[in-house]
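What the coordinates show
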Amino acid sequence: MKGITLLMGAVVILAGIIAFTPPAALHAADSVGPIFVTEIPSGYRDWRLISVSHEAGSLNSIGAVLGNDVAIKACREGKFPFPDGTIIAALHYGHVPSAENNKVFGQAQSFVPGPPTNIQFMVKDSTKYAATGGWGFATFIDGKPAAAASMKSCFPCHNQATASDLVFTHYAP
């Protein structure tokens, strides 16, 4: 009889543990994974061009948007969502007139990259960055990660571009 009592007690304790343990899905939602990329992906300067960019207003920047082989393949095929392993880099520079070129043209019409302002990355890993649509975001200034506080606006802004899997840039064939 003592053995049955101990067995019943163990069953009750085990049932209590199970009843009060949240499912794994709740653990994942409670412990939001990282949304920031903290290291510059190696070899990004050798990636191919996806597109160019110009942001007016206070940013006044021009940029080159590059992609690794996975990104280029997905862009060319119009494959959305982008597959895991996609990395997109945006190299931003100040937008300045070229006095040298304008002298040749005889009028103000040429602009060139000025000082670099930042490099931004989007890294697709649907498991690691599940909380932010599968994308990790990064901004580097002078080779150092931007402050975490400044990165908090990345996902809410990109999340408005759901039709293109949170990517603003479109492939320029």
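Structural notes, computed from the coordinates. Since we're looking at a predicted model, the values are computed, not measured.

**So, the sheet that holds strand β3 (residues 87-97)**
Strand order across the open sheet formed by 6 strands is β1-β2-β3-β4-β5-β6, with antiparallel pairing between neighbours. Because the sheet does not close on itself, it has two edges, and the strands there are β1 (48-55) and β6 (144-145). Across 7 bridges, the pairing between strand β2 (residues 61-67) and β3 is antiparallel. Paired with Ser-61 across the two strands is Gly-94, which belongs to β3.

**A look at the pairing of β2**
In terms of burial, β2 is a largely internal element, 6 of the 7 residues being buried. Pairing between β1 and β2: 7 bridges, direction antiparallel. Its bridge partner lying in β2, Ser-51 is registered against Val-65. The antiparallel hairpin formed by β1 and β2 contains 5 residues in its connecting segment, where Gly-57 sits at a positive phi of about 70°.

**Details of the environment of Met-151**
Note on placement: Met-151 falls in helix α5 (residues 148-151). A relative accessible area of 4% places Met-151 in the buried class. In this structure, the C-alpha to C-alpha distance between Met-151 and Phe-36, residues 115 residues apart in sequence, is 7.3 Å. Apart from the residues within four sequence positions on either side, Met-151 is in contact with Phe-36, Phe-137, Ala-138, Thr-139 and Ala-146.

Definitions and cut-offs
- Residues numbered from 1 in each chain as written.
- Predicted model: local features only at pLDDT ≥ 70, side-chain atom pairs only at ≥ 80, totals over all residues.
- Heavy atoms only, no water.
- Pairing = 2+ DSSP bridges.
- Helix = DSSP H or I, 4+ residues; strand = E, 2+ residues; numbered from the N terminus.
- Buried < 20%, exposed > 50% of the residue type's maximum accessible area, 1.4 Å probe, protein only.
- Contact = heavy atoms within 4.5 Å.

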